[in-house]
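A closer look at the structure
As a plain string of letters, each chain reads:
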There are 2 protein chains.
Amino acid sequence: MNTTSRNTTSAHGTRTPAVKAAATRNRILAAAARTLSLKGYSATRLSDIAERAGVRPPAVYYYFPSREELIAEVMAVGQLRLREHVETALAALPDDTPPMDRICAAVEAHLQVELHLSDFATAVSRNSGQLPEDIRARLRADSGAYFDLWRDLLARARAAGAIRNDIDLRAARMLVMGALNWTPEWWNPRQGSLTGVIRTAQSLVRHGLGVP
Amino acid sequence: MNTTSRNTTSAHGTRTPAVKAAATRNRILAAAARTLSLKGYSATRLSDIAERAGVRPPAVYYYFPSREELIAEVMAVGQLRLREHVETALAALPDDTPPMDRICAAVEAHLQVELHLSDFATAVSRNSGQLPEDIRARLRADSGAYFDLWRDLLARARAAGAIRNDIDLRAARMLVMGALNWTPEWWNPRQGSLTGVIRTAQSLVRHGLGVP
DNA sequence: TTTTGAATCTAATCTAGATTCATAAATCGC
DNA sequence: GCGATTTATGAATCTAGATTAGATTCAAAA
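Residues numbered from 1 in each chain as written. Chains lettered and ligands numbered in written order. Predicted model: local features only at pLDDT ≥ 70, side-chain atom pairs only at ≥ 80, totals over all residues. Heavy atoms only, no water.

For the rest of this paragraph, the subject is the overall build of chain A. Scanning chain A from terminus to terminus reveals 10 helices and 0 strands. Ordering the α and β elements of chain A from the N terminus gives α-α-α-α-α-α-α-α-α-α. Going through the 212 residues of chain A one by one, you find that 48% of them count as buried. Here the contacts in chain A between residues at least 6 apart in sequence split such that 70% fall between residues at least 24 apart. If you sum the accessible surface of chain A, you get close to 10300 Å²; carbon and sulfur atoms cover 53% of it. (Helix = DSSP H or I, 4+ residues; strand = E, 2+ residues; numbered from the N terminus. Buried < 20%, exposed > 50% of the residue type's maximum accessible area, 1.4 Å probe, protein only. Contact = heavy atoms within 4.5 Å. Areas by Shrake-Rupley, 256 points an atom, 1.4 Å probe, with all protein chains shown as cover.)

Next comes the structure, spelled out in structure tokens:
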């Protein structure tokens, strides 16, 4: 359940260094995120995760009830981070920002988390289609919220007359998210800068959806 | 190796109906393609495939040396069909078709195979990122050819001045292919027609890349 | 010092699936 | 119809990996 609560304080309220020890849990979680983002769900062994975290496989069970649970948590964190990062970026914009600019800001934020900031987010977009129904169901609420965010972004733009009429909003939204979600499959910092990709993506979306 | 060659001819060159029997092989292959396209690599059990093909798991081994080999063949077929379908569509266009129209034709053809015509193609785009390095290596030649096709399409359009200068060709190509490849994750015949998706995708690409 | 509980390990267990194999059923050439 | 060959099966076997059990380390508290 709660991410960081073992006995953080003794009976008298003095701090117990057990706080520090729980860093291991985070190492394991991060190792899982990275492994998932690199190898994908099917190829991710518990032993790979353990090794990357510098620990033996059974130690994982001290912190997580099962491999499945661990992976589910990675996904939940990733989905949340992605949404929060994009929401934060949008919230930082002036109130009178034109709707199409807001969309472009979301494109940028999405690509930044995905490609640069968070293995968790990458793990989500690379694996969400491969997860057992079980885990997928638990993600549904969170991923739904993210979809809603984009739906809203497009709906406002359309309402403001900033999106052409030949564009079907649902299809457009999914096509754009597809383009973004696919990036981890091909993008590599060594060939082409992140900002280059972001610029092209923004231009593609702006002109692809917008009125001439 | 060769897809359909058991004893198709007897010693004297007379046709042996064993040809017909090898339909089982195709059923198994098709069952594998469909299962892969629906459940993804990690969740695809040999027993699922066998069941869908109406056969017991060991029977698969009569036609394929291993599960891995079977899956590799599905992928190879899928990659090939995808490319051939798109190539055929392009070849059918008049020689003087403007480059951007050619790109739109490719978009349409790609989506048609992917979403409507072939489980094999769907299997490829849904799973290519999850495959063991082993199989992936064998696909490389074929998928490379498909990428080349698109690279060429975009290069010609740029040469003809039909693509804006702020567009990075490699990034654009991958973003577009991402949008297309992601469609099997969300598209469903029951919500929205295929032609609707195709139209939106074409418009997105045409205006997204093209000069105003 | 002794005690305790958290954190981790090694070694063993358990299980889902893939694969093998010896044989049954179907089919074929005659 | 009848052996030979092709096709498919049920009943093992084998193995990778997840999971459990129990022992061990170690830091801090008593």
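With that settled, consider the pattern of salt bridges. Residues and elements named next belong to chain A. Inspection of the entire model under this criterion finds 24 salt bridges over all chains. The shortest N-O distance in the salt bridge between E73 and R25 comes to 3.0 Å. With E73 in helix α5 (residues 67–91) and R25 in helix α2 (residues 23–39), the pair connects residues that are 48 residues apart, well separated along the chain. The class of E73 is buried, set by a relative accessible area of 17%. R25 gets classed as buried once you look at its relative accessible area, which sits at 9%. Linked by salt bridges that have partners in common, R83, E87 and D142 make up one network. (Salt bridge = Lys/Arg side-chain N within 4 Å of Asp/Glu carboxyl O.)

Not every one of the 17 residues close to DNA strand D is listed here, only the nearest: R45 and Y61 of chain A together with R56, Y62 and Y63 of chain B. Within 4 Å of the protein, atoms of DNA strand D come from sugar and phosphate in 80% of cases. Between DNA strand D and R45 of chain A there is a distance of 2.5 Å, counted from a phosphate oxygen to a side-chain nitrogen or oxygen. Note that a phosphate oxygen of DNA strand D is positioned 2.2 Å from one of the side-chain N or O atoms of Y61 of chain A. Within the residue set of the surface near DNA strand D, elements represented by two or more residues are α3 (46–53) and α4 (57–63) of chain A together with α4 (57–63) of chain B. (Near = heavy atom within 4 Å. Polar contact = N/O pair within 3.5 Å; in protein donor to acceptor, adjacent residues only side chain to side chain.)

Residue and element names in this part refer to chain B. As a packed pair, helix α6 (residues 99–117) and helix α7 (residues 119–127) sit with axes 6 Å apart at the nearest point and diverge in direction by 105°. Taken together, the axis directions place α6 and α7 in an arrangement best described as roughly perpendicular. In contact with V113, E114 and L117 of α6, α7 contributes D119, A121, T122 and S125. Residue composition of the contact of α6 with α7, grouped by class: 3 nonpolar, 2 polar and 2 charged. (Axes fitted to C-alpha atoms, helices over the stretch in contact; angles between N-to-C directions. Parallel < 35°, antiparallel > 145°, perpendicular 65-115°, else oblique. Nonpolar A, V, L, I, M, F, W, Y, C, P; charged D, E, K, R; others polar.)

The subject of this paragraph is α5 of chain A. Residue and element names in this part refer to chain A. Here α5 is 25 residues long and its end C-alpha atoms lie 36 Å apart, about the 36 Å a rise of 1.5 Å per residue gives. Those residues of α5 that fall on the buried side of the exposure criterion are L70, I71, A72, E73, V74, M75, G78, Q79, L82, R83, V86 and L90. Where α5 is buried, its residues meet α2, α3, α4, α6 (99–117), α7 (119–127) and α8 (133–159). (Expected span 1.5 Å × (residues − 1).)

Let us now look at the interface of chain B and chain A. Listed as interface residues are 35 residues of chain B and, on the opposing side, 34 residues of chain A. For the pair chain B and chain A, the summed buried surface comes to about 3300 Å²; carbon and sulfur atoms form 61% of the total. If you sort the residues of chain B by the area they bury against chain A, Q130, L175 and W182 of chain B come out on top, with a joint share of 23%. Linking chain B with chain A are 16 residue pairs in polar contact (both at pLDDT 80 or more), by the criterion used here. Elements supplying a minimum of two residues to the side of chain B that touches chain A: α7, α9 (169–186) and α10 (194–209) of chain B. Across the side of chain B that touches chain A, the residue classes tally to 14 nonpolar, 15 polar and 6 charged. (Buried area = accessible area lost by both parts, 1.4 Å probe.)

Note on the copies: chain B fits chain A at an RMSD of 0.1 Å, the axial shift is 0.0 Å, and the rotation between them is 180°. On the angle and the small slide along the axis, the relation comes out as a two-fold axis. Looking at chain B, 97% of its interface residues are interface residues in chain A too, so the copies touch through the same face. (Least-squares fit on C-alpha atoms with pLDDT ≥ 70 in both.)

Another aspect to go through is the confidence of the model for chain A. Looking at chain A, pLDDT values average 89 and 90% of them are 70 or higher. By mean pLDDT, helix α1 (residues 18–21) of chain A is the weakest element of chain A at 52, and helix α10 (residues 194–209) of chain A is the strongest at 98. (pLDDT = per-residue confidence, 0-100.)

What the rule picks out here adds up to 4 aromatic pairs over all chains. Judged by centre distance (6.5 Å) and plane angle (80°), the ring pair of Y146 of chain A and W150 of chain A falls under edge-to-face. Linking Y146 of chain A with W150 of chain A, this pair stays in helix α8, spanning 4 residues, or about one helical turn. An angle of 85° between the planes, with centres 5.1 Å apart, marks the rings of Y62 of chain B and Y63 of chain B as edge-to-face. Accessibility expressed as a relative area gives 56% for Y62 of chain B, which makes it exposed. A cation over a ring is seen here: R67 of chain A above Y41 of chain A, with NZ or CZ 5.0 Å from the ring centre. Above the face of the F120 of chain A ring, R81 of chain A is positioned so that its terminal group lies 4.6 Å from the ring centre. (Phe/Tyr/Trp six-rings, centres within 6.5 Å; stacked < 30°, edge-to-face > 60°. Lys NZ or Arg CZ within 6 Å of the ring centre and 35° of its normal.)

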